[in-house]
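# Fold and geometry: a report
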Amino acid sequence: MGTVLDSNFLALTALVTVGYQFIFFIITALLKFDKITDFAGSTNFIIIAVLTLVVKGAWNLRQIVLTLLVVIWGIRLGLFLLMRILQWGEDRRFDEMRSNIGKLAVFWILQAVWVWTVSLPVTVVNASNRDPSIQAADVIGWILWLVGLVVEATADQQKLKFKNLPESRGKWCNVGVWSFSRHPNYFGEILLWWGVFIASTPVLKGAEWLVIIGPIFLTLLLLFVSGIPLLEESADKKFGNVQEYKHYKRTTSPLIPLPPIMYANLPAWFKATFLFEFPLYNKSVSQGERLGWDKESLAKDGGSKKTH
C-alpha cells in the first residue's frame, strides 16, 4: 500500500497513538473511570504492530513474527490487567489524579510516549523493504522474548493467586519467582522488549539503529520512574517495620532473579553496580541500617528466606 506520511511510519504511529490515548484520557477525566488505563496502553501496542504490517501491504517472515510477538504480549497483558483491576477495584495510582486534570494529563502523555517509543523496533521493521535471511540475532531475540513472557506471566499469576488468599492479606508476595526477585514481572517485561529489539537488528541501517531508545526508555522508566521506585516506597511504608520484610528485602534481588543465598552474601557495591540495588529503593532506610542489613545477612544462616 506504500508510504503513509513517512517511510518509517513514525508520524502515522505517533498520530494513532496520540489519538487513541486521548480518547481514553477523555473517558477517564469525564467519568472518573480509571479501570481501562492499562488496557488502553497494551492494546495500543497491538494496534501499532498490526496497523504498520497491514499498511505496508507486503510482509516477510520477520515482520510477521515480530508483529505476532507484540500481539501475543499485548493480549495477554491487557486482559490480565483489565481482569485484575475489575476484581480489585480502583487503581490506586490515580488517587491523587482524579481531581487534578493536570496530573492526569501528564500520566496519559507519558503513556503515549511509552507506547510509541517502545514500539519503535517493530514499527521500523514493518516499514522496511529489507528482508535479510533469518540470522542468529533473530533467534536470540525470539528466545529472549519467550523467556521474558514466561517470567512475566508466571509472576503475574503467582502474585494474583497469592493476593486472593485470605491468609495473604496484609503481606507481601514472596512465593515462586517472587522469592528470587522483588519485581520479576518487570524483569520479564524488560527482557522481552530487549528481545524484540535484538530480533529487529538484522534489518536496521544507519539512523534506524536509534530504535534502541525503545528498550532503553522502558528500562529507565521501570528502574527510575513509574515502576520499581513507586512499588518499593509503597512496600516500605507498609512493611518497613516488619523484620521478616527487612530480611526479604536484603536477601532478594530487586530485578534480576537470583538465589537468595547468593544475593544475601554479595557486597553492597556489587549489588548497586550490577544488580540495580539503588539507594532510590531504600528512601525510608538509613545508610547505617542498610549497612547493618548487609552485615546481618552475612551472619545469618546462608541468607535463607523466612516464610510468612
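Further up the page is the structure itself.
Note that this is a predicted model, so its numbers are computed, not measured.

The next subject is unusual backbone geometry. In this structure, Phe 9 takes a positive phi of about 65° despite not being glycine. When you line up the elements, Phe 9 lands in the segment before helix 1 (10-31). On the basis of relative accessible area, Phe 9 is assigned to the buried category, the value being 1%.

Moving on, we get to the packing of aromatic side chains. The final tally for this structure, using the stated rule, is 18 aromatic pairs. Their ring planes at 70° and their centres at 5.0 Å tell us that Tyr 20 and Phe 24 sit as a pair that is edge-to-face. Remark: Phe 24 and Tyr 20 occur in helix 1; sequence separation between them is four residues, near one turn of the helix. Relative accessible area serves as the criterion here: at 13%, Phe 24 is assigned to the buried category. With 6.1 Å between their ring centres and 75° between their planes, Phe 276 and Phe 278 make a pair best called edge-to-face.

Let us now look at the environment of Val 175. In this structure, Val 175 sits in the loop between helix 6 (136-164) and helix 7 (184-200). Looking at Val 175, the relative accessible area reads 31%, which means it is partly exposed. Considering only alpha carbons, one finds Val 175 and Gln 158, 17 residues apart in sequence, at a separation of 7.3 Å. In this structure Val 175 touches Gln 158 and Phe 162, once residues within four positions along its chain are discounted.

So, on to the pattern of salt bridges. The tally for this structure, following the rule as stated, stands at ten salt bridges. Of the charged contacts, one joins Asp 236 and Lys 249 as a salt bridge, the two residues approaching to 2.8 Å between their closest N and O atoms. With Asp 236 in helix 9 (residues 228-239) and Lys 249 in helix 10 (residues 243-251), the pair connects residues that are 13 residues apart, well separated along the chain. Several salt bridges share partner residues, and in doing so they unite Arg 182, Glu 232, Asp 236, Lys 249 and Glu 277 into one network.

Parameters and conventions
- Residues numbered from 1 in each chain as written.
- Predicted model: local features only at pLDDT ≥ 70, side-chain atom pairs only at ≥ 80, totals over all residues.
- Heavy atoms only, no water.
- Helix = DSSP H or I, 4+ residues; strand = E, 2+ residues; numbered from the N terminus.
- Buried < 20%, exposed > 50% of the residue type's maximum accessible area, 1.4 Å probe, protein only.
- Phe/Tyr/Trp six-rings, centres within 6.5 Å; stacked < 30°, edge-to-face > 60°.
- Contact = heavy atoms within 4.5 Å.
- Salt bridge = Lys/Arg side-chain N within 4 Å of Asp/Glu carboxyl O.

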